[in-house]
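Here's the letter readout for the chains.
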Amino acid sequence: MKTWMAMAAVLALGATTAWADWHVVADVTATEKSEAREIAVNRSIQKVRFECKSGSVIVMTMWVREGAAKTEYRVARQLAPGEKYDVELGQTRNATAFRISDKGPGRYKIGVR
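Since this is a predicted model, take the numbers as computed values, not measurements.

Which residues make up the overall build of the protein chain, and what values do they have?
Check the secondary structure of the protein chain and you find 1 helix and 6 strands. Starting at the N terminus and walking to the C terminus, you meet the elements of the protein chain as α-β-β-β-β-β-β. With 113 residues in all, the protein chain has 35% of them scored as buried. Long-range pairs, those at least 24 residues apart, make up 80% of the contacts in the protein chain with a sequence separation of at least 6. Split by element, the accessible area of the protein chain, about 6600 Å² in all, is 54% carbon and sulfur.

In C-alpha cells, the structure reads:
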C-alpha cells in the first residue's frame, strides 16, 4: 500500500512540476462555433503550450503580436483531454498578445515560456 501511495505522489508531483517553468496566460472555454480571441501576454517568450483540460478543442491558428507587428503560426491541432501541444516560435518574441482561432466544445489552458 505504501508503494502505491509513493508512486501516486511521484506522479502528482511530476504533473505539478510540468507547468512549473511555464506562465499560464489563459484558461479558455472554446464553443462549438469557430472563434478568434485576443489574449494578453506582455512578456518575452520562445514557446507556447496548449493543453486540453476537457472536451475536444481544435486550435487552428495563432498570431503572435509584438506591438503593431504580427506573425502567424499554423497550429491545426485537435486536442483531447490531457493532451499537450507545444509551438516553438524559433526565436525570442516580445509578445504583447495572441490572437487564437479555436473551436470546441472544450476547455484548454495556454502557457508560455
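Please provide a residue-by-residue account of the sheet that holds strand β1 (residues 23–30), values included.
Pairing between sheet strands relies on hydrogen bonds along the backbone, with the strands arranged either parallel or antiparallel. The strand order across the open sheet formed by 6 strands is β1-β6-β2-β5-β3-β4, and the pairing between neighbours is antiparallel. Both edges of this open sheet fall to β1 and β4 (69–79), since each of them pairs with a single strand only. When the angles between neighbouring strand axes are averaged without regard to direction, this sheet yields 25 degrees. The sheet contact formed by strand β3 (residues 57–66) and strand β5 (residues 84–103) spans 7 bridges and is antiparallel. Opposite arginine 65, over in β5, you have alanine 97 as the bridge partner.

Just give me the short version of the nonpolar core, but keep the residues and values in it.
Within the largest apolar cluster, 25 residues are counted, with the highest numbers of intra-cluster contacts made by Val48, Phe50, Met62, Phe98, Ile100, Tyr108 and Ile110. Looking at this core, the elements that each hand over two or more residues are β1, β2 (35–55), β3, β4, β5 and β6 (106–112). It is β2 that provides the largest number of residues to this core, a total of 6 residues. In contact with phenylalanine 98, not counting residues within four places along its chain, are Val25, Arg37, Glu38, Ile39, Val41, Ile45, Val48, Met62, Trp63, Val64, Ile110 and Val112.

Conventions adopted
Residues numbered from 1 in each chain as written. Predicted model: local features only at pLDDT ≥ 70, side-chain atom pairs only at ≥ 80, totals over all residues. Heavy atoms only, no water. Helix = DSSP H or I, 4+ residues; strand = E, 2+ residues; numbered from the N terminus. Buried < 20%, exposed > 50% of the residue type's maximum accessible area, 1.4 Å probe, protein only. Contact = heavy atoms within 4.5 Å. Areas by Shrake-Rupley, 256 points an atom, 1.4 Å probe, with all protein chains shown as cover. Pairing = 2+ DSSP bridges. Axes fitted to C-alpha atoms, helices over the stretch in contact; angles between N-to-C directions. Core = buried A, V, L, I, M, F, W, Y, C linked by side-chain atoms within 4.5 Å.

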